[in-house]
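Chain by chain, the residues run as shown.
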Amino acid sequence: MSAETADTAEPADGTAGPDGSGERRREQRGWYFYDFACSVYSTSVLTVFLGPYLTSVAKAAADAEGYVHPLGVPVRAGSLFAYAVSASLVVAVVLMPIVGAAADRTGRKKPLLAAAAYTGATATAAMFFLDGDRYLLGVLLLIVANASISVSMVLYNAYLPQIAEPDERDAVSSRGWAFGYTSGALVLVLNLVLYTGHDSFGLSESDAVRICLASAGVWWGAFTIIPLRRLRDRNTKGADAEPVGSGWRQLRATLRDMRRHPLTLSFLLAYLVYNDGVQTVISQASVYGSEELGLSQTTLITAVLLVQVLAVAGALGMGRMARVYGAKHTILGSLVVWTLILVAGYFLPAGSPVFFYALAAAIGLVLGGSQALSRSLYSHLVPRGKEAEYFSAYEMSDRGLSWLGPLVFGLAYQLTGSYRDAIISLVVFFVVGSVLLARVPVRQAVAAAGNPVPERI
């Protein structure tokens, strides 16, 4: 039977057989592997190596006062990475809703996922050529790679309501994050061996870092093959009724449609705020550790490795907590911990790896769970048949609109010259986000989206 015939014969929710469980489980296992593939970029590249390395490259190109001048604009070398992350997410804002609308209209998520994934993987692999004072090359590759992973996550997340029943989504989403953190930990171990033993391999420190960056792109591309083989495209009513070039018109229609679901928008607003803080902490932690606390690259790698290991347990553990207390209350508890982490980070003494490791352990325990449960909770608030469009808005909150946190962090450092002031400025994202989330009546929001309300949410 051809793929087209199979899709036509199967129900709209993508199940097969009497209850569809066999095919659904197969797709879920394939779906997990995209987290396994792309999470290495988030850990090895964005969290560990690229921030400190790009900062060092920018400092090599800086003038006597410590400024570089991209497009003639004076920028502190220490702020360049934060600004580049912010710029990459602005690009993602433009692309993600259009891609999500095209995926829902045509029903062909998989080719778009492949295009986004391999564009990002190629840009990451090309970071091998980032050396000397080529900071502009680093900024360009970061923008391409970070925008690409954001677009790919729109399509990846949009599969969740199609491959998981309502009562199993917390568990499926948590397993996906656990797969991602497992791969991140595995590759970080290999990175640690290469980086710490670079002399014995006949490599300079710069060579070792560039190999670690490039290998993340190779890993991303190689393991993306698995979800592309197992995930299926669903037929969409009226598919191809409009050309792909109508994406902006569809985007306007999507935004109008979302106004019909104000409770879903309320959750998105809360998620936008608190997740902006989460993403900024993740992307700027290594810069804070190396520049403000004076910690070695080896310490930063092992700290992030600790985060990855504990995040697997944290994602699975918080998934179990959600079955008892509900996803909303579990997320709110994690945001309290995030706030305490930032306050502790502000007072962290320089040159003290032990305290930094303790903070990394706390981050690991709440990081995976807060992200996984936010994704699964949102999946209940999405009207059926509009998954990719609505998840494009979610991903804008997850990555595309997370430009504000890095911008605040970069501006705080630009104005004060202190990374401690920059890190404490992020507390406001968690406090405001907690207040907004607490005000969302999630059971009412699920019902308003036309979805069955789980027993515990």
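Residues numbered from 1 in each chain as written. Predicted model: local features only at pLDDT ≥ 70, side-chain atom pairs only at ≥ 80, totals over all residues. Heavy atoms only, no water.

Student: An account of the packing of helix H4 (residues 109-125) against helix H5 (residues 135-158) is requested, with residue identities and associated values reported.
Tutor: In contact at an axis separation of 8 Å, H4 and H5 are set at 155° when each is read in the N-to-C sense. When the interaxial angle is binned, H4 and H5 end up roughly antiparallel. In this structure, H4 meets H5 at a crossing whose hand is left-handed. On H5, the residues touching Lys109, Leu112, Leu113, Ala116, Ala117, Thr119, Gly120, Ala123 and Thr124 of H4 are Leu141, Val144, Ala145, Ser148, Val151, Ser152, Leu155 and Ala158. Taken together, the residues of the contact of H4 with H5 break down into 11 nonpolar, 5 polar and 1 charged. (Axes fitted to C-alpha atoms, helices over the stretch in contact; angles between N-to-C directions. Helix = DSSP H or I, 4+ residues; strand = E, 2+ residues; numbered from the N terminus. Parallel < 35°, antiparallel > 145°, perpendicular 65-115°, else oblique. Left-handed = near helix turned anticlockwise from the far one by under 90°. Contact = heavy atoms within 4.5 Å. Nonpolar A, V, L, I, M, F, W, Y, C, P; charged D, E, K, R; others polar.)

Student: Account for the packing of aromatic side chains, naming residues and giving values.
Tutor: Tallied over the entire structure, the rule returns 20 aromatic pairs. When the ring of Tyr41 is compared with that of Trp220, the centres are 5.5 Å apart and the planes differ by 40°; the resulting orientation is tilted. Of this pair, Tyr41 sits in helix H2 (residues 21-61) while Trp220 sits in helix H8 (residues 205-223), and the two are 179 residues apart along the sequence. Ring geometry for Phe409 and Tyr419: centres 6.0 Å apart, planes at 35°, overall tilted. Here Phe409 is found in helix H16 (residues 404-416), whereas its partner Tyr419 is found in helix H17 (residues 419-424), with 10 residues between them in sequence. Note on Phe409: relative accessible area 1%, which makes it buried. Each residue in the set Trp31, Tyr32, Phe33, Tyr34, Phe36, Tyr156, Phe179, Trp219 and Phe223 is aromatic and connected to the rest through ring pairs, giving one cluster. In this structure, Lys109 is placed above the aromatic ring of Tyr159, and the distance from its NZ or CZ to the ring centre is 5.5 Å. (Phe/Tyr/Trp six-rings, centres within 6.5 Å; stacked < 30°, edge-to-face > 60°. Buried < 20%, exposed > 50% of the residue type's maximum accessible area, 1.4 Å probe, protein only. Lys NZ or Arg CZ within 6 Å of the ring centre and 35° of its normal.)

Student: Which residues make up H5, and what are the values?
Tutor: Between the first and last C-alpha of H5 there are 35 Å, a value that for 24 residues agrees with the 34 Å anticipated at 1.5 Å per step. H5 sits mainly inside the fold: 19 of its 24 residues count as buried. (Expected span 1.5 Å × (residues − 1).)

Student: Give a description of unusual backbone geometry that names residues and reports values.
Tutor: Of note, the phi angle at Leu71 is positive, near 55°, even though the residue is not glycine. By the secondary structure assignment, Leu71 is in the loop between strand S1 (67-68) and strand S2 (75-76). Among the residues examined, Leu71 registers a relative accessible area of 89% and is labelled exposed.

Student: I'd like a rundown of the pattern of salt bridges, residues and numbers included.
Tutor: One pass over the full model with this rule turns up 10 salt bridges. In this structure, the salt-bridge partner of Arg25 is Glu168, at a minimum N-O distance of 3.3 Å. A residue pair is termed long-range when its members are at least 10 positions apart, and Arg25 in helix H2 and Glu168 in the loop between helix H6 (160-163) and helix H7 (169-196) qualify at 143 residues. Look at Arg25 and you get partly exposed, because its relative accessible area is 33%. (Salt bridge = Lys/Arg side-chain N within 4 Å of Asp/Glu carboxyl O.)

Student: Residue-level account of empty space enclosed by the protein, with values.
Tutor: Applying the stated criterion to the full structure yields 2 cavities of 30 Å³ or more. Approximately 530 Å³ is the volume found for the largest cavity. Those elements that provide at least two residues to the lining of the largest cavity are H2, H7, helix H11 (262-292), helix H12 (297-325), helix H13 (327-346) and helix H14 (353-379). At 7 residues, the largest contribution of residues to the lining of the largest cavity is made by H2. Across the lining of the largest cavity, the residue classes tally to 21 nonpolar, 10 polar and 2 charged. (1 Å grid on protein atoms, 1.4 Å probe; cavity = no way out; pocket = protein on both sides within 12 Å on 5 of 7 lines; lining within 4 Å. Points joined across faces, edges and corners; volume = space filled by probe spheres on them.)

Student: Give me the nonpolar core: which residues, what numbers.
Tutor: Counting residues in each nonpolar core, the largest one holds 139 residues, and the members touching the most others are Trp31, Leu50, Trp220, Phe267, Trp338 and Tyr378. Broken down by element, the residue count for this core peaks at 17 residues, all from H2. (Core = buried A, V, L, I, M, F, W, Y, C linked by side-chain atoms within 4.5 Å.)

Student: Lay out the side chain of Ser434 in plain terms, naming residues and giving numbers.
Tutor: Mapping Ser434 onto the fold places it in helix H18 (residues 427-438). Polar side-chain contacts of Ser434 include one of 2.8 Å to the backbone oxygen of Phe430. Not counting residues up to four positions away in its chain, the partners in contact with Ser434 are Leu332 and Leu335. (Polar contact = N/O pair within 3.5 Å; in protein donor to acceptor, adjacent residues only side chain to side chain.)

Student: Report on a nonpolar patch on the surface, specifying residues and quantitative values.
Tutor: There is a patch of nonpolar side chains on the surface, built from Val428, Val431, Val432 and Val435 and spanning about 300 Å² of accessible area. Structurally, Val435 is set in helix H18. (Patch = residues over 30% accessible without salt bridge, like charges linked within 9 Å, V, L, I, M, F, W, Y side chains within 5 Å. Areas by Shrake-Rupley, 256 points an atom, 1.4 Å probe, with all protein chains shown as cover.)

Student: Talk me through the environment of Arg443; I want residue IDs and the actual numbers.
Tutor: The topology assignment puts Arg443 in helix H19 (residues 442-448). On the basis of relative accessible area, Arg443 is assigned to the partly exposed category, the value being 43%. Distance in space between the C-alpha atoms of Arg443 and Pro454 is 8.3 Å, their sequence separation being 11 residues. When neighbours within four sequence positions are excluded, Arg443 is seen to be in contact with Val453, Pro454, Glu455, Arg456 and Ile457. At a separation of 3.4 Å, a polar atom in the side chain of Arg443 contacts the main-chain carbonyl oxygen of Pro454.

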